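Structural description and commentary
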Amino acid sequence: MVKVLEDIQELGIVPVVVLDDVKDAMPLAKALCEGGLPCAEVTFRTEAAEESIRIMAENFPNMLIGAGTVLTTEQVDRAVAAGAKFIVSPGLNPRVVKYCVDKGIPMTPGCSNASDIEQALEFGLDVVKFFPAEPAGGLNMIKALAAPYVGVKFMPTGGINEKNVRDYLKYNRILACGGSWMVKGDLIKAGDFAKITELTKEAVAIVKEVRG
Ligand code: 3PG
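Small disclaimer: the values here were computed from a predicted structure and weren't measured. (Residues numbered from 1 in each chain as written. Predicted model: local features only at pLDDT ≥ 70, side-chain atom pairs only at ≥ 80, totals over all residues. Heavy atoms only, no water.)

1. Observations concerning the nonpolar core
- Membership of the largest hydrophobic core comes to 64 residues, with the highest contact counts inside it found for L28, M56, I87 and F154.
- If you tally residues by element for this core, the top one is helix α10 (residues 193-211), at 6 residues.
- The contact partners of F154, leaving out residues within four places of it in the chain, are I117, V128, F130, I142, L145, A146, R173, I174, L175 and A176. (Core = buried A, V, L, I, M, F, W, Y, C linked by side-chain atoms within 4.5 Å. Buried < 20%, exposed > 50% of the residue type's maximum accessible area, 1.4 Å probe, protein only. Helix = DSSP H or I, 4+ residues; strand = E, 2+ residues; numbered from the N terminus. Contact = heavy atoms within 4.5 Å.)

In structure tokens form, the structure reads like this:
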């Protein structure tokens, strides 16, 4: 497994961030670091994503910043140039996956069924995102999929929160869980970064409690 994914495994949780305004990038990165989770998947759903990645990567060089919702190779280039160390997508776009694999860029494509996983294996990947985790069958579905694909680890994202994250983390085929519950848009908009730090600390405590 590549180093970045090992680091993500170590952290156990990847905050999934939607930033509408680049001014929030600095305080958000600071809040996550103070909460003990120096990591973020910044989603390419907003105009602010690329510059936010740049700001976070430059000012917090020890943070593990990735780009999420990456749908095109052009977005891969923009994300990596801005400082993203890993790429995440909601589905498995073979063109985007191949582009990342050829360039040695860590990539976790979204998979929600056996055929998706086999495509990922074809590209030599051994870690996939499981998306959307709760609607797509949650932990039971992951366990069913993990059985035949013995070398694959999962990063479930979508519908994970402080209540159900423990169950996911207890399963040894979960690399880490993605989620937005500690970085909700309303908290960011309200500038309540203290609350984000508090929720992040709680998330970190759950990882420690489950994984030791
Ligand atoms: C998303 O699609 O925004 C991510 O999967 C995060 O999902 P969540 O908001 O349910 O944690």
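Still more to cover.
2. Quick word on the packing of aromatic side chains
- As enumerated under the stated definition, the model contains 0 aromatic pairs in all.
- Residue placement shows K129 over the ring face of F131; its charged tip is 4.7 Å from the ring centre.
- Across the ring face of Y171, the terminal group of K143 is positioned such that the distance to the ring centre comes to 5.2 Å. (Phe/Tyr/Trp six-rings, centres within 6.5 Å; stacked < 30°, edge-to-face > 60°. Lys NZ or Arg CZ within 6 Å of the ring centre and 35° of its normal.)

3. Quick look at the sheet that holds strand β7 (residues 153-156)
- Pairing is parallel in the open sheet, where 8 strands are placed in the order β7-β6-β5-β4-β3-β2-β1-β8. Either end of the sheet is taken by a strand with one partner, and the two such strands are β7 and β8 (177-179). For this sheet, the mean angle separating the axes of adjacent strands, direction not counted, is 30°.
- Across 2 bridges, the pairing between strand β3 (residues 64-68) and strand β4 (residues 86-89) is parallel. Paired with G66 across the strands is F86, a residue of β4.
- On the sheet, helix α6 (residues 114-122) packs against β5 (107-111), β6 (127-130) and β7 and is oriented at approximately 160° with respect to β5. (Pairing = 2+ DSSP bridges. Axes fitted to C-alpha atoms, helices over the stretch in contact; angles between N-to-C directions.)

4. Side note on the pattern of salt bridges
- Inspection of every chain in the model, using the stated rule, returns 13 salt bridges.
- Two residues, R54 and E50, come together in a salt bridge whose shortest N-O distance is 3.9 Å. Placement of the pair is R54 and E50 together in helix α3 (residues 49-59), with a separation of 4 residues, close to one helical turn.
- Classification of R54 as partly exposed rests on a relative accessible area of 24%.
- Through salt bridges with shared partners, one network takes in E50, E51, R54, E74 and R78. (Salt bridge = Lys/Arg side-chain N within 4 Å of Asp/Glu carboxyl O.)

5. Re the site of the ligand
- What surrounds the ligand is the set V16, R45, F131, T157, G158, G159, G179 and S180.
- G159 is positioned such that a nitrogen or oxygen atom in its backbone is 2.7 Å from an oxygen atom of the ligand.
- Side-chain polar atom of S180 to an oxygen atom of the ligand: 2.5 Å apart, as the coordinates give it.
- Surface burial for the ligand is 77%, taken as the share of its 310 Å² of free accessible area covered by protein chains.
- By residue class, the composition of the shell around the ligand is 2 nonpolar, 5 polar and 1 charged. (Near = heavy atom within 4 Å. Polar contact = N/O pair within 3.5 Å; in protein donor to acceptor, adjacent residues only side chain to side chain. Areas by Shrake-Rupley, 256 points an atom, 1.4 Å probe, with all protein chains shown as cover. Nonpolar A, V, L, I, M, F, W, Y, C, P; charged D, E, K, R; others polar.)

6. Remarks on the state of the cysteines
- A full pass over the atoms with the stated rule returns 0 disulfides.
- C39 provides the cysteine sulfur closest to C33, a residue in no disulfide bond, and the two sulfurs are 9.8 Å apart.
- For the unlinked cysteine C177, the closest cysteine sulfur is that of C39, found at 12 Å.
- Here C177 falls in the buried class, since its relative accessible area comes to 0%. (Disulfide = S-S within 2.5 Å.)

7. Side note on the packing of helix α2 (residues 25-34) against α3
- Axis separation between α2 and α3 bottoms out at 9 Å; the angle between their running directions is 50°. By the angle between their axes, α2 is oblique relative to α3. The interaxial crossing formed by α2 with α3 has right-handed handedness. Where α2 approaches α3, its residues A25, M26, L28 and A29 are matched on the opposing element by S52, I55, M56 and N59.
- By residue class, the composition of the contact of α2 with α3 is 6 nonpolar, 2 polar and no charged. (Parallel < 35°, antiparallel > 145°, perpendicular 65-115°, else oblique. Left-handed = near helix turned anticlockwise from the far one by under 90°.)

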